[in-house]
Structures are given as structure tokens and as C-alpha cells.
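So the chains spell out like this:
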Amino acid sequence: MTTMVTYDHPAPAFTPGVFPDRQQWGRVLKRAVHAAGLTQAEVAEKMHAPLSTVWRKLNGLSPLYIGEVFELAKITGTRAEDLCMEVQALAEAEAGIVR
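These numbers come from a predicted model, not from an experiment.

Cut-offs applied
- Residues numbered from 1 in each chain as written.
- Predicted model: local features only at pLDDT ≥ 70, side-chain atom pairs only at ≥ 80, totals over all residues.
- Heavy atoms only, no water.
- pLDDT = per-residue confidence, 0-100.
- Helix = DSSP H or I, 4+ residues; strand = E, 2+ residues; numbered from the N terminus.
- Expected span 1.5 Å × (residues − 1).
- Buried < 20%, exposed > 50% of the residue type's maximum accessible area, 1.4 Å probe, protein only.
- Contact = heavy atoms within 4.5 Å.
- Polar contact = N/O pair within 3.5 Å; in protein donor to acceptor, adjacent residues only side chain to side chain.

A. Inspection of the confidence of the model for the chain at higher detail. Mean pLDDT over the chain stands at 89; residues scoring 70 or higher make up 86%. Of all the helices and strands in the chain, helix α5 (residues 80–94) carries the lowest mean pLDDT, 94, while helix α2 (residues 40–47) carries the highest, 98.

B. How the structure looks around helix α1 (residues 22–35). Counted at 1.5 Å a residue, the expected span for α1 with its 14 residues is 20 Å, and the 20 Å between its end C-alpha atoms agrees. Those residues of α1 that sit buried are Q24, W25, G26, V28, L29, A32 and V33. Those residues of α1 hidden inside the fold are in contact with α2, α3 (51–58), α4 (66–76) and α5. Where α1 begins, the capping side chain belongs to D21, and its oxygen is found 3.1 Å from the backbone nitrogen of Q23. Following α1 by one or two positions, G37 adopts a phi angle in the positive range, close to 75°.

C. Geometry of the environment of V18. With respect to the helices and strands, the residue V18 is situated in the segment before α1. For V18, a relative accessible area of 12% gives the class buried. In sequence terms V18 and A91 are 73 residues apart; their C-alpha atoms lie 6.7 Å from each other. In contact with V18, other than residues within four places in its own chain, are Q88, A91, E92, A95 and I97.

D. Representation of the side chain of Q24 in the model. Tracing the chain through its elements places Q24 in helix α1. Setting aside its immediate chain neighbours within four residues, Q24 contacts F19, V87, L90, A91 and E94.

This is how it looks when you write it as C-alpha cells:
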């Protein structure tokens with residue numbers, strides 16, 4: 001049986017060919033961590049990960065996996081969808097695309 005996921009608003013339109021890089025993801029996630037009033041050490045503890053790993057991910061030095069985006073969203077009290085939209089907007093702005 002297939003489960004269908006629906007949203008209460010339309011999906012955002014992304015610009016083809018514009019993809020956020022690790023540094024952009026790191027900046028967006030750092031802002032979410034800061035906005036949640038958490039330290040990187042607290043995030044590392046909640047993720048059951050070494051602090052050095054969390055530091056590298058939040059600084060764009062290590063790859064970030066989709067499961068980690070969802071986990072960080074939950075930890076910071078945000079939605080993964082909002083993090084994705086924010087990082088895409090950042091990538092587009094830095095690419096000079098104005099909406």
C-alpha cells in the first residue's frame with residue numbers, strides 16, 4: 001500500500017540548476033541552531049554524534065545527509081521543508097537570481 005503525502009500549501013518553485021552547497025547548508029543550519037538557543041555541543045549530544053562531526057557539518061566541511069536534515073529540524077523545532085526552502089533561497093540569492 002502506498003501512502004500519499006499532501007501539503008497544505010503549494011510546493012515552492014526552485015530554479016533548475018541551482019543547488020545549495022555545503023557551506024550554504026551549514027549557514028542555514030547554524031542559524032536554526034542559534035535560533036533554537038542551542039549550542040553545538042547540545043546538538044551533538046541530541047544527535048548522538050561527536051562534537052567534531054557536528055562542527056564539520058555546520059561549517060560545510062562534511063557532507064550532510066537528508067536524515068540529518070530531518071533530525072536537525074526536529075532538534076531545532078523547525079520543519080525540514082522550511083530549512084530546505086531557506087537554503088534554496090540563499091543559493092538562488094548568491095547565484096544572483098531575484099524572485
